[in-house]
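# Coordinate analysis (summary)
If you want the building blocks of each chain, they are given just below.
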Amino acid sequence: MRLPVSISLFPRLKSSSFGTPAAYRLTGSALLLWFVTACKTAAPVATTTPAAPAKPVVLALGTNKVFTSDEFFDSFAKNQLSADSSQRTDIRSYLDLYTNLKLKVLAAEQSGRDTTEAFREEMATYRKQLAQTYLTDKTLVEQLTNEAYQRMQQEVRASHILIPISEEALPADTLAAYQQILAVRGRLLSGEPFATVAKEVSKDPTVAQNGGDLGYFSAFQTIYPFENAAYTIPVGSLSTPVRTRFGYHLIQVKDRRPSRGKIQVAHILVRLSPSAEPAGVVAAKARIDEVYAKLKAGESFEALARTYSDDVNSKNAGGKLPPFATGQNAPALEEAAFALTTPGSYSPPVKTNYGWHILKLINRRPIESFAELAPAIRQKVVTDSRAEVIRQVMIQRLSRDYTVTEDQATKQATLARADSSLVQGRWRLPAPTDPLNAQTLLTIGSAGGSPLTVPASKFFTYVQQKQLPRAETGLTGQLIMQRLYARFVGDQLLVAEEANLEKKYPEFRNLLTEVRDGVLLSQVMEERVWERSLTDSTGQKQFYDQNRAKYTYPARAVATIIDAADDKLLTEMKARLATSPYALKRSSPDLLFEPNQTALSTAGRDALYEVLVAMVKNPAYVLDLTASHDAQEKDSTSAGRLRSVVRYLTSNGVQLARINEKDLQGARVASGDAARRVSFTYLTTSKQDVARVLSGTATDAVTVTEGIFAKGQNTYVDELPWQTGTNTFAKGNRVVQVTISRLEPARQRTFAEARGTVINDYQAYLERQFLAELRQKYPVQVNEDELKRLLK
């Protein structure tokens with residue numbers, strides 16, 4: 001009864017690959033998002049067929065494109081509501097933006113872009129996306145979302161008994177199942193033990209193991225009618241019969257408790273089949289006990305997981321499992337996991353259907369806030385078994401808006417085509433030449449929309465697509481066909497509603513027009529401006545040469561600024577920056593070797609993995625390796641240890657240039673185990689790394705800023721004489737050192753240095769050229785009287 005959750009997709013935004021990004025270009029779903037949510041969008045475009053406008057015209061383009069005052073003002077008002085307050089414009093300035101947009105769209109229309117097959121397909125996709133909001137009861141979705149979140153605060157433990165009956169069963173069979181579940185309820189009310197009765201009569205396949213006890217669960221973990229009953233009847237009570245698509249249930253709520261949130265653990269699994277031979281059972285128990293003993297002796301959990309765990313999906317990650325909540329894993333595993341309280345603590349061996357586990361707690365967290373979870377919950381609400389509730393409410397509403405007229409003769413002839421092959425999921429369409437295909441099965445009409453005529457062939461195709469092989473007894477093809485027909489009528493009501501959205505909802509029509517304009521705008525701008533500005537290197541260079549005065553650097557100072565919480569930190573920072581690479585005074589535990597050993601052991605690789613992680617996460621780090629051996633080993637032994645460590649690091653992506661090797665050849669004072677080792681010390685080429693290490697857990701106790709600063713770009717540099725040298729001064733409760741190492745005079749930027757800015761400027765130049773061309777081709781006429789009226 002547990003259902004998967006769909007994942008929603010997010011739009012992508014494309015930008016220039018140069019250092020200074022060119023104007024953004026919008027593609028795919030991002031374009032839809034842009035136009036629906038704000039940009040300088042517009043109200044519906046008038047039809048291209050010349051016609052006398054019914055309302056006053058505020059703008060005309062050329063001789064055949066006009067826009068009414070209402071269209072323009074609606075677009076302006078929408079822009080004011082959606083735009084950032086700092087970017088809002090007055091109505092006359094917005095008219096210029098509106099005019100430019102409409103000119104570009106007109107150019108796309110005149111070139112026939114709105115007639116291509118690709119354009120029609122793209123618009124059909126966007127229309128389908130936009131229509132979903134109008135084909136769903138948004139109020140009901142929000143109610144179900146809030147209800148689900150409230151239920152997620154609690155976990156319910158319930159038992160059930162299932163008497164299965166198909167949704168397409170004969171009425172007599174359905175009545176028999178209902179009477180049977182009532183008789184079972186009577187036995188329970190008379191005092192018979194629930195588990196005993198469940199094992200005797202319930203058809204849930206797990207009842208033999210659990211006596212009907214489902215354990216604890218929360219919202220979305222069972223089908224909605226079952227969940228409703230479990231969350232509404234009191235603890236200890238027995239429900240009346242609950243009907244789901246599986247049949248009739250009796251539900252007894254045993255307990256409720258607050259949500260335990262989510263937990264993440266790692267595990268070591270020794271797999272054991274439920275049907276294993278006694279020898280296999282003994283061997284599995286011995287193996288998990290061996291692992292547990294090693295763990296208690298201090299060996300690494302992650303290392304043991306990689307060596308011993310039979311879970312191939314998690315062993316290489318040290319046994320780490322994805323976070324989970326109650327009801328998402330084997331009950332025994334969940335109980336052992338939630339019993340752990342301290343991160344890093346681990347459980348004794350736990351047995352589940354999969355075998356033996358040892359669990360280590362990574363973290364646990366409470367349920368997230370409603371604001372964080374709401375989008376995911378809404379997605380679940382419209383895709384899990386609640387979707388049927390939403391659908392039925394929508395169809396009931398549409399049944400009042402539309403008239404369904406059935407051709408009874410065609411309907412009876414159509415339903416008569418059912419046979420036993422439909423029960424097996426092998427029903428075939430009538431022959432294409434069958435005259436019944438073309439006959440009208442039903443007509444759906446509404447007062448203000450276009451009627452929808454549905455031929456029998458459409459229903460036949462629907463039946464073929466929806467049929468499934470059925471294992472239930474007592475089913476007939478006629479019953480299945482009748483149920484599919486009832487659902488088909490509901491689906492056709494949704495089809496009729498979708499087809500009439502533009503006529504019923506002006507806001508949908510306007511929204512679709514905005515998207516249409518956005519698609520056309522994107523296409524024409526891609527061809528005439530965006531692509532050319534990025535690829536026309538000759539034009540970029542010519543533009544640069546013609547506007548050299550714009551691309552200069554002012555006089556600048558090359559400076560390093562250390563900002564510290566006190567003198568002690570500043571002094572320590574300067575001392576560490578005295579030599580490069582800079583000392584971090586950070587190291588990893590030494591790697592110890594057995595006598596005469598140079599190869600890495602499994603434990604050695606695990607320890608070295610932590611060094612690898614540090615080097616990968618910190619790309620400016622440099623690693624000092626120091627190797628030695630004891631007096632009984634050859635001088636070459638320490639060199640061999642170095643080679644093994646270096647080979648491991650370089651084979652996993654650490655560049656050799658970031659490793660400094662030092663072979664002590666037995667020069668350590670220590671002897672024995674202490675001498676047979678490789679030591680690790682970290683340095684860095686980044687001043688920011690040093691600052692982070694010195695700051696520790698404090699936020700910005702020390703910061704370092706390096707750069708080339710013009711006047712006005714850094715307040716500390718601005719306060720100093722414009723000359724090289726070092727100045728230290730107090731600023732508030734902090735101490736600051738500014739070192740100006742070089743002064744650069746004002747100069748011309750090269751084309752390479754200015755290219756990102758040039759591309760942006762060249763793009764704006766091409767757009768101005770394009771608009772000038774359009775204004776020449778389609779003269780702009782503004783009705784000043786109407787504009788003044790709108791200004792009042």
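All figures in this text were calculated on a predicted structure; none of them were measured in a lab.

The next subject is the packing of aromatic side chains. Counted according to the given criterion, the structure contains 25 aromatic pairs. A ring pair is formed by Phe67 and Tyr98, whose centres lie 5.8 Å apart and whose planes are at 80 degrees; its orientation type is edge-to-face. One end of the pair, Phe67, is in strand E4 (residues 65-68); the other, Tyr98, is in helix H3 (residues 91-110), with 31 residues separating them in the sequence. Tyr98 sits in the buried class, given a relative accessible area of 1%. Relative to Phe460, the ring of Trp427 lies with its centre 5.9 Å away and its plane at 40 degrees, an arrangement referred to as tilted. Placement of the pair is Trp427 in the loop between helix H15 (408-415) and strand E13 (440-446) and Phe460 in helix H16 (residues 456-466), with a sequence separation of 33 residues. With relative accessibility at 4%, the residue Trp427 sits in the buried group.

Before going further, it helps to spend a moment on helix H12 (residues 331-339). For H12, the full list of buried residues reads Leu333, Glu334, Ala336, Ala337 and Phe338. Summarising the contacts, the buried residues of H12 are in contact with strand E9 (262-271), strand E10 (350-352) and strand E11 (355-365).

On to the sheet that holds E4. Strands sit in the order E4-E3-E25 across an open sheet of 3 strands; the sheet is antiparallel. The open sheet has two edge strands, E4 and strand E25 (780-782), and neither has a second partner. When the angles between neighbouring strand axes are averaged without regard to direction, this sheet yields 15 degrees. Examined bridge by bridge, strand E3 (residues 57-61) and E4 share 4 bridges and lie antiparallel to one another. Pairing of Leu61 across the sheet is with Lys65, part of E4. Against the sheet, helix H27 (residues 784-791) contacts E3 and E25, and its axis sits at roughly 135 degrees relative to E3.

Turning to the confidence of the model for the protein, a few remarks are in order. Model confidence for the protein is summarised by a mean pLDDT of 88, while 91% of its residues fall at 70 or above. In the model, residues 1-53 has pLDDT below 50 throughout and makes 121 contacts with residues more than four positions away in sequence or in other chains.

Let's shift gears to the packing of H15 against helix H17 (residues 477-499). At a minimum axis distance of 10 Å, the contact between H15 and H17 shows a crossing angle of 135 degrees. Considering their axes alone, H15 and H17 lie oblique with respect to each other. Seen from H15, the contacting residues are Lys411, Thr414 and Leu415; seen from H17, they are Met481, Gln482 and Tyr485. Considered class by class, the residues forming the contact of H15 with H17 number 3 nonpolar, 2 polar and 1 charged.

Let us look at the side chain of Asp630. Examined against the element boundaries, Asp630 turns out to sit in the loop between strand E18 (621-627) and helix H23 (636-651). Judged by its relative accessible area of 6%, Asp630 is buried. Of the polar contacts made by the side chain of Asp630, one reaches the side chain of Arg676; its length is 2.8 Å.

So, on to the pairing of E11. Relative to E11, E9 is paired through 10 bridges, and the arrangement is antiparallel. What sits directly across from Val270, in E11, is Trp356. When E10 meets E11, the two strands line up antiparallel, connected through 3 bridges. Counted as the bridge partner of Thr352 is Gly355 from E11. Taken together, E10 and the strand that follows it, E11, pair antiparallel across an intervening segment of 2 residues.

This brings us to a nonpolar patch on the surface. Taken together, Leu175, Tyr178 and Leu182 make up a surface patch of nonpolar side chains, about 260 Å² in accessible area. For Tyr178, the position within the fold is in helix H6 (residues 171-189). The class of Tyr178 is partly exposed, set by a relative accessible area of 32%.

Right, let's get into the pattern of salt bridges. Taken as a whole and assessed by the stated rule, the structure comprises 61 salt bridges. A salt bridge links Glu117 to Arg120, with the nearest nitrogen and oxygen atoms 2.8 Å apart. On the criterion of helical spacing, the pair formed by Glu117 and Arg120 is a turn pair, its members being 3 residues apart in helix H4 (residues 117-134). You can call Arg120 partly exposed: its relative accessible area is 44%. Here Arg692 makes a salt bridge to Asp689, at a shortest N to O gap of 2.3 Å. Of the two residues, Arg692 and Asp689 both sit in helix H24 (residues 687-695), 3 residues apart, roughly one turn of that helix. Residue class for Arg692 comes out exposed when judged on its relative accessible area of 52%. On the basis of relative accessibility, which here comes to 6%, the residue Asp689 falls in the buried class. What emerges from the salt-bridge pattern is a single network uniting Lys65, Lys102, Glu109, Asp114, Arg516 and Asp517.

Turning our eyes to something else, we now look at the UniProt feature "domain: PpiC" (unreviewed entry) in the protein. Within this numbering scheme, the UniProt entry marks residues 153-255 and 260-363 as carrying the feature "domain: PpiC" (unreviewed entry). Taken as a whole, residues 153-255 contains 39% helix and 27% strand, while its terminal C-alpha atoms sit 14 Å from one another. Each end of residues 260-363 is marked by a C-alpha atom, and these two atoms are 12 Å apart; helix forms 35% of the span and strand 21%.

Adjacent strands of a sheet pair through backbone hydrogen bonds, lying either parallel or antiparallel. One open sheet accounts for 3 strands, arranged E12-E13-E14; its pairing is antiparallel. Each edge of the open sheet is held by one strand with a lone partner, namely strand E12 (402-406) and strand E14 (452-455). The mean inter-strand angle of the sheet, taken between neighbouring strand axes irrespective of direction, is 15 degrees. Bridging between E13 and E14 involves 4 bridges; their strand directions are antiparallel. Within the sheet, the bridge partner assigned to Thr443 lies in E14 and is Thr453. Here helix H14 (residues 386-401) sits on the sheet and contacts E12 and E13; the angle it forms with E12, its principal contact strand, is near 85 degrees. Packed on one face of the sheet, H16 meets E13 and E14 and runs near 65 degrees to E14.

So, on to the packing of H6 against helix H7 (residues 194-201). For the pair H6 and H7, interaxial distance at closest approach is 10 Å and the crossing angle is 155 degrees. Viewed along their axes, H6 and H7 adopt a mutual orientation that is roughly antiparallel. For H6 against H7, the interelement crossing comes out right-handed. Taking contact as the criterion, the partners of Val184, Arg187 and Leu188 in H6 are, on H7, Phe194, Val197, Glu200 and Val201. Considered class by class, the residues forming the contact of H6 with H7 number 5 nonpolar, no polar and 2 charged.

What counts and how
- Residues numbered from 1 in each chain as written.
- Predicted model: local features only at pLDDT ≥ 70, side-chain atom pairs only at ≥ 80, totals over all residues.
- Heavy atoms only, no water.
- Phe/Tyr/Trp six-rings, centres within 6.5 Å; stacked < 30°, edge-to-face > 60°.
- Helix = DSSP H or I, 4+ residues; strand = E, 2+ residues; numbered from the N terminus.
- Buried < 20%, exposed > 50% of the residue type's maximum accessible area, 1.4 Å probe, protein only.
- Contact = heavy atoms within 4.5 Å.
- Pairing = 2+ DSSP bridges.
- Axes fitted to C-alpha atoms, helices over the stretch in contact; angles between N-to-C directions.
- pLDDT = per-residue confidence, 0-100.
- Parallel < 35°, antiparallel > 145°, perpendicular 65-115°, else oblique.
- Nonpolar A, V, L, I, M, F, W, Y, C, P; charged D, E, K, R; others polar.
- Polar contact = N/O pair within 3.5 Å; in protein donor to acceptor, adjacent residues only side chain to side chain.
- Patch = residues over 30% accessible without salt bridge, like charges linked within 9 Å, V, L, I, M, F, W, Y side chains within 5 Å.
- Areas by Shrake-Rupley, 256 points an atom, 1.4 Å probe, with all protein chains shown as cover.
- Salt bridge = Lys/Arg side-chain N within 4 Å of Asp/Glu carboxyl O.
- UniProt positions renumbered as here; feature names shortened; annotations may be inferred.
- Left-handed = near helix turned anticlockwise from the far one by under 90°.

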